[in-house]
Amino acid sequence: MTYREYRSPVGLEPLVACLWASDPVPGRTTRVIPDGCVDLVWFGAEQGLVVVGADTGPWISGPSAAGDSTYAIRLRPGAAGAVLGLPASEVRDSRVSADLVWGAEGRELEDALMTADPGQRLRILTEGVLRRHATPDPLALAAARKLAEPGVRVSAAAADLGISERQLNRRLQNAVGYGPKMLARVARLRRLIAQPGDDPLAIRAFAAGYASQAHMTDEVRRLTGLTPVHFLKDAALTAA
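In short, a report on the structure. What you see is a predicted model, and the numbers here were worked out from it, not measured in a lab.

Across all of its chains, the model carries 12 salt bridges by this definition. Here Arg74 makes a salt bridge to Asp35, at a shortest N to O gap of 3.8 Å. Here Arg74, found in strand β7 (residues 70-75), pairs with Asp35, found in the loop between β3 (30-32) and β4 (38-42); they are 39 residues apart in sequence, far enough to count as distant. Since its relative accessible area comes to 5%, Arg74 is described here as buried. With a relative accessible area of 14%, Asp35 lands in the buried category. Glu219 is the partner of Arg188 in a salt bridge, and the nearest nitrogen-oxygen pair spans 3.4 Å. Separated by 31 residues along the polypeptide, Arg188 in helix α8 (residues 180-194) and Glu219 in helix α10 (residues 213-224) bring together distant segments of the chain. Overall, the relative accessible area of 16% leaves Arg188 in the buried class. Taking the relative accessible area as the measure of exposure, Glu219 reaches 6% and is therefore buried. Via salt bridges that share partners, Glu5, Asp35, Asp39 and Arg74 belong to a single interconnected network.

Below, the structure written as structure tokens:
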């Protein structure tokens, strides 16, 4: 797909990582890998508006058919629970119709997207999030930032935040969709993607925070379904 990202609207930065859109390429499959985010995605008239939960493994969609472009708003790790109005863990590894999450509000938003000109759909999604009047859990946001740092242990992150590991797990399950260990694994994978592509795999694994190249290989397979060589050949870091 032809994928494009746009900055979070002013004032929504604590909640929104980015807006994005993509155009279908008929016959092509799409591999979505975990990024710690929940997305609100307009998939077109056939599928409608869908809440895409935080993934713990690869999600393969397609092959694509000619049709509507996709428009979406990506919620920042730690903000999903507040925007959805329910524990983000309830939509983990799931694609759920927005009306099942928001009821009449979800149906109204979907109807507005259905009848809108394509150029207005990202604005409508943004207004939908604004109407939620959500306030993200500041501790969850701080934990997500801390766990994205290389070498940070869950126990140390919890201690720095002044809470127990059990409390940290509960807060992240509610706000992100999964616990601190999974969030740290996702952050490490993102650091791996960000490493210079001309460095040897062993150097990239060490810089990203893996214990060894073998550890990196196992983790990449679990999270992406591919070998590191195959995955990193086309991997690109998206906003989260």
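Okay, the environment of Trp102 next. One can find Trp102 in helix α2 (residues 98-102). Measuring from C-alpha to C-alpha, the distance between Trp102 and Leu84 comes to 7.5 Å, with 18 residues separating the pair along the chain. Among all residues touching Trp102, those that are not within four sequence positions of it are Leu40, Val83, Leu84, Leu109 and Arg132.

Thresholds, definitions, all that
Residues numbered from 1 in each chain as written. Predicted model: local features only at pLDDT ≥ 70, side-chain atom pairs only at ≥ 80, totals over all residues. Heavy atoms only, no water. Salt bridge = Lys/Arg side-chain N within 4 Å of Asp/Glu carboxyl O. Helix = DSSP H or I, 4+ residues; strand = E, 2+ residues; numbered from the N terminus. Buried < 20%, exposed > 50% of the residue type's maximum accessible area, 1.4 Å probe, protein only. Contact = heavy atoms within 4.5 Å.

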